[in-house]
Amino acid sequence: MDMIAGQRIPVHTTLSDVFGSLEASLPHAVRWNNLAEQFEKRFGRKPAYIARAPGRVNLIGEHIDYALFGVLPAAVERDILIACGPRAATSASHHSDVIHAPGSVVAENLHSKYTRQVFAPASKIAEEVSDDDARVAAWHLDINTNELRWESYVKAGYYGVLNHHFSDGEEDPVPVDLLVTGSVPAGSGLSSSAAMVVASTLAFLAVNGKLEEQHKVGTSKSLNKGELVQLAMQNEKRVGVNSGGMDQAASVMSDPSSALYISFYPSLTASAVPLPIRAVFVCANSLVVADKALSAKRGYNLRVVETLVAARILAISLGVQIGEKDRITFREVIGKFAGEKDGDDMGAETLEKTLAAMDDKLGVLKPNRTIDGKLGVTMDEMIEMSGLRKDIFDEVYLSWVDIEATHFQLFKRAKHVFSEARRVLQFRRTCLESAKLSDANDTAFFEKLGQLMNDSQSSCSQLFECSCPELDELTNLAREAGAFGSRLTGAGWGGCTVSLVAEGKVNEFIQKVKATYPPYRNLEGDALNEVIFATKPGSGACVYKLER
């Protein structure tokens, strides 16, 4: 575990501490005070805590975290806030439908389109829970993965807290009132879902007194930042999304002055990567909403399966030993191929060279014969290439996820993953080189970083096929408006772009994009600022403890 992952989850008592200084906190004070006042108005008392989790912008490294390659995101200033407080289980309430049960939740949202929700976890009786399962599923919450609603993410965060901290039956979770607000646009690719799950996880930890336990010596169940990331990753899987961990890690572990190089192999580590001082990143929403619930079968989850199956086939071709039921990743394959010992990390320089050496070894992922130049393989061909019996293949690669496809693009997905993993390392190296030179020629570094971002967009669009016409158009318009580089950020299929712009050129850049991207033309003021905005790397998730 690296130093950032091993840090305690911050619990602050002033907004100045949350944002690093009094000056930095001032623009946020009205919003935070309004949330606390609205909580008191609705629930009759002040909140005990406000949990905060930021969204993130991934600067480079798309769809490679679940292949266990490193990525380079940064937290954005936009966030999810959850005000929360314990509710006495037997207290009278003006809400007639409050469930007076252990751990019952009344969840409200400041946005009027999200309706009030009341729910309670069900405790499984001892006979229902085997010894093996006792620590995993002692509590149950109904989460409908076919229709993701706002409270599904609240429930997902709660699920992990229940089964991490209340599985032994020695104590019950307290009833909780919650009030949620968010400034991360849903479906924008800035990871509002991960921010919601992280904030929910923190809210339930705080209100049950579990964050205070961090400061008690010998407390076995306290969480550090790395463990919170792992818990939040598992929690988001409760809503049917197979997340690779980048979104949660960026939301929890980000540093306000830097991007974050997050590595997932051999374990989760995070290190700050200073960005060039005069670099500004502008997020622009395509206004095409990426609906994870609808697109997962043909989009995100399908790509996870394609990359995992391709990793097995590549491993076999390289002579890498792999067990019949091992679900090996690309990063593990090239580690074994390069002679890396289990648990070791070959380092960025060697990894970059090894990735380059893979380029001419990916032909094994193409079909035996191509029709009209198409490179996809059928399900039957893919199973045959894997060397597995159909029942074993289904168990290892299909039993845990829903996908829809007639052809699987193993070669194109692998080509993207290996080239994108190299671009991340090159981007990181360029930033580190820039930081060493106080009088660095910004333009030269900006051009290098911008080219890597542009190459990433081409790969996402043509090889991984996770772009869409609007994202392609918006990134092209951004370059024409003066961006050094522009690419989609997030899962894709809609959502946001991120563009590298020189400081001092930001307002001019935004006005040029506004004038040329049709959905922006009639937007002004706050409405325009909602869809295109400059952002600086922000701080990671925390809890604000209000005075009693």
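Residues numbered from 1 in each chain as written. Predicted model: local features only at pLDDT ≥ 70, side-chain atom pairs only at ≥ 80, totals over all residues. Heavy atoms only, no water.

Could you give me a rundown of the overall build of the protein chain, with the residues and numbers involved?
On a plain count of helices and strands, the protein chain comes out with 17 helices and 17 strands. Taking 24 Å as the expected radius of gyration for a compact globule of 548 residues, we find that the protein chain reaches 24 Å, a close match to that expectation. The principal-axis extents of the C-alpha atoms in the protein chain amount to approximately 70 × 60 × 45 Å. Burial status across the protein chain gives 56% buried among its 548 residues. Residue pairs in contact within the protein chain that sit at least 24 positions apart in sequence constitute 73% of those at least 6 positions apart. Of the roughly 23,400 Å² that the protein chain leaves accessible, carbon and sulfur atoms contribute 49%. (Helix = DSSP H or I, 4+ residues; strand = E, 2+ residues; numbered from the N terminus. Rg over C-alpha atoms; globule rule 2.2 N^0.38 Å. Buried < 20%, exposed > 50% of the residue type's maximum accessible area, 1.4 Å probe, protein only. Contact = heavy atoms within 4.5 Å. Areas by Shrake-Rupley, 256 points an atom, 1.4 Å probe, with all protein chains shown as cover.)

Now, about the packing of helix α8 (residues 300-317) against helix α11 (residues 379-386): what can you tell me, with residues and values included?
Two elements in contact, α8 and α11, have axes separated by 9 Å at closest approach and are oriented at 40°. The orientation of α8 with respect to α11, classified from their angle, is oblique. Here α8 runs over α11; the crossing is left-handed. Taking contact as the criterion, the partners of Val309, Arg312, Ile313 and Ile316 in α8 are, on α11, Met382, Met385 and Ser386. Here the residues of the contact of α8 with α11 sort into 5 nonpolar, 1 polar and 1 charged. (Axes fitted to C-alpha atoms, helices over the stretch in contact; angles between N-to-C directions. Parallel < 35°, antiparallel > 145°, perpendicular 65-115°, else oblique. Left-handed = near helix turned anticlockwise from the far one by under 90°. Nonpolar A, V, L, I, M, F, W, Y, C, P; charged D, E, K, R; others polar.)

Requested: an account of the pairing of strand β2 (residues 49-60), with residues and values cited.
Of all 12 residues making up β2, 12 are buried, and the element is well covered by its neighbours. For β2 and strand β3 (residues 72-86), the ladder comprises 10 bridges, and the chain directions are antiparallel. Bridge pairing in β3 links Ile50 to Ala83. (Pairing = 2+ DSSP bridges.)

Kindly report on the sheet that holds strand β17 (residues 542-545), identifying the contributing residues and their values.
Ordered by their spatial adjacency, 7 strands build an open sheet running β1-β17-β2-β3-β8-β4-β5, and the pairing between neighbours is mixed. Every interior strand has two partners, whereas the edge strands, β1 (11-12) and β5 (117-119), have only one. Strands β4 (105-109), β5 and β8 (176-182) of the sheet are contacted by helix α3 (residues 150-165), whose axis makes an angle of about 35° with β5.

Run through the pattern of salt bridges, naming residues and quoting values.
Evaluation of the coordinates by the stated rule reveals 30 salt bridges. Residue Asp394 pairs with Lys390 through a salt bridge whose shortest N-O separation is 2.8 Å. In this pair, Asp394 and Lys390 are both assigned in helix α12 (residues 390-398), 4 residues apart and thus about one turn of the helix distant. In this structure, Lys512 engages Glu508 in a salt bridge whose closest nitrogen and oxygen atoms are separated by 3.2 Å. Taken as a pair, Lys512 and Glu508 lie in helix α16 (residues 506-516) at a separation of 4 residues, close to a single helical turn. Here the salt bridges do not stand alone but share partners, grouping Arg303, Glu306, Lys412, Arg413 and Glu465 into one network. (Salt bridge = Lys/Arg side-chain N within 4 Å of Asp/Glu carboxyl O.)

Could you give an account of the nonpolar core, with specific residues and numbers?
One finds Phe69, Leu178, Leu202, Met253, Phe330, Phe418 and Phe427 to be the most contacted residues of the largest nonpolar core, which totals 140 residues. The next biggest cluster of nonpolar side chains, apart from the first, holds 19 residues, and it includes Val280, Val501, Val513 and Leu528. (Core = buried A, V, L, I, M, F, W, Y, C linked by side-chain atoms within 4.5 Å.)

Residue-level account of the confidence of the model for the protein chain, with values.
Averaged over the protein chain, the pLDDT score is 89; the fraction of residues at 70 or greater is 91%. Throughout residues 126-136 the model reports pLDDT below 50, and contacts reaching past four residues in sequence, or to other chains, amount to 10 contacts. (pLDDT = per-residue confidence, 0-100.)

Just give me the short version of the state of the cysteines, but keep the residues and values in it.
What the rule picks out here adds up to 0 disulfides. Take Cys84: it sits in no disulfide, and the sulfur closest to it among the cysteines is that of Cys542, at 12 Å. Relative accessible area serves as the criterion here: at 1%, Cys84 is assigned to the buried category. Left without a disulfide partner, Cys431 is nearest to the cysteine sulfur of Cys283, which lies 16 Å away. (Disulfide = S-S within 2.5 Å.)

Outline unusual backbone geometry, listing residues and values.
Negative phi characterises most residues that are not glycine, and trans characterises most peptide bonds. The peptide bond linking Tyr265 to Pro266 adopts the cis configuration, its omega dihedral lying at 0°. On the secondary structure map, Pro266 appears in the loop between β9 (258-263) and β10 (269-274). Within the chain, Ser191 stands out as a residue other than glycine whose phi angle is a positive 65°. On the secondary structure map, Ser191 appears in the loop between β8 and α4 (192-207). In this structure, Leu287 is a non-glycine residue whose phi angle is positive, near 70°. Turning to its location among the elements, Leu287 is positioned in the loop between β11 (279-285) and α7 (292-295). Leu287 sits in the partly exposed class, given a relative accessible area of 41%.

Please give an account of the environment of Leu68 that cites residues and values.
Locating Leu68 in the fold gives a position in the loop between β2 and β3. Between the C-alpha atoms of Leu68 and Ser267, which are 199 residues apart in sequence, the distance is 9.3 Å. If sequence neighbours within four positions are ignored, Leu68 has contacts with Phe264, Tyr265, Thr329, Arg331 and Glu332.

Go over the environment of Ala88 with me, naming the residues and quoting the values.
Along the polypeptide, Ala88 turns up in the loop between β3 and β4. Judged by its relative accessible area of 45%, Ala88 is partly exposed. Distance from Ala88 to Val176, taken between C-alpha atoms, is 8.5 Å for residues 88 residues apart in sequence.

I'd love a proper account of the pairing of strand β14 (residues 485-489), names of residues and values included.
Counting buried residues along β14, 5 of its 5 residues qualify, which places the element largely inside the surrounding structure. Here β14 runs beside strand β15 (residues 496-502); their pairing, made up of 5 bridges, is antiparallel. Its bridge partner being in β15, Ser486 is matched across the sheet by Ser499. The hairpin turn running from β14 into β15, its antiparallel successor, is 6 residues long, and Gly490 in that turn takes a positive phi close to 95°.

Which residues make up the packing of aromatic side chains, and what values do they have?
Given two aromatic rings, one states the distance between the centres and the angle between the planes to describe the pair. In this structure the tally under the stated criterion is 11 aromatic pairs. Taking 5.6 Å as the distance between ring centres and 75° as the angle between the ring planes, the aromatic pair formed by Trp32 and Tyr544 counts as edge-to-face. Of the two residues, Trp32 sits in helix α2 (residues 22-43) while Tyr544 sits in strand β17, which places them 512 residues apart along the sequence. Seen from the ring of Phe533, Arg78 lies directly overhead, with NZ or CZ sitting 3.8 Å from the centre. Its guanidinium or amino end placed over the ring of Phe119, Lys155 lies 5.1 Å from that ring's centre, counting from NZ or CZ. (Phe/Tyr/Trp six-rings, centres within 6.5 Å; stacked < 30°, edge-to-face > 60°. Lys NZ or Arg CZ within 6 Å of the ring centre and 35° of its normal.)

Which residues make up the sheet that holds β15, and what are the values?
Spatially, the 4 strands line up as an open sheet ordered β14-β15-β11-β16, and their pairing is antiparallel. Looking along the sheet, the strands with just one partner apiece sit at the ends: β14 and β16 (532-535). With direction set aside, neighbouring strand axes in the sheet form an average angle of 25°. Across the sheet, helix α15 (residues 469-480) touches β11, β14 and β15, and the angle it forms with β14 is around 155°.

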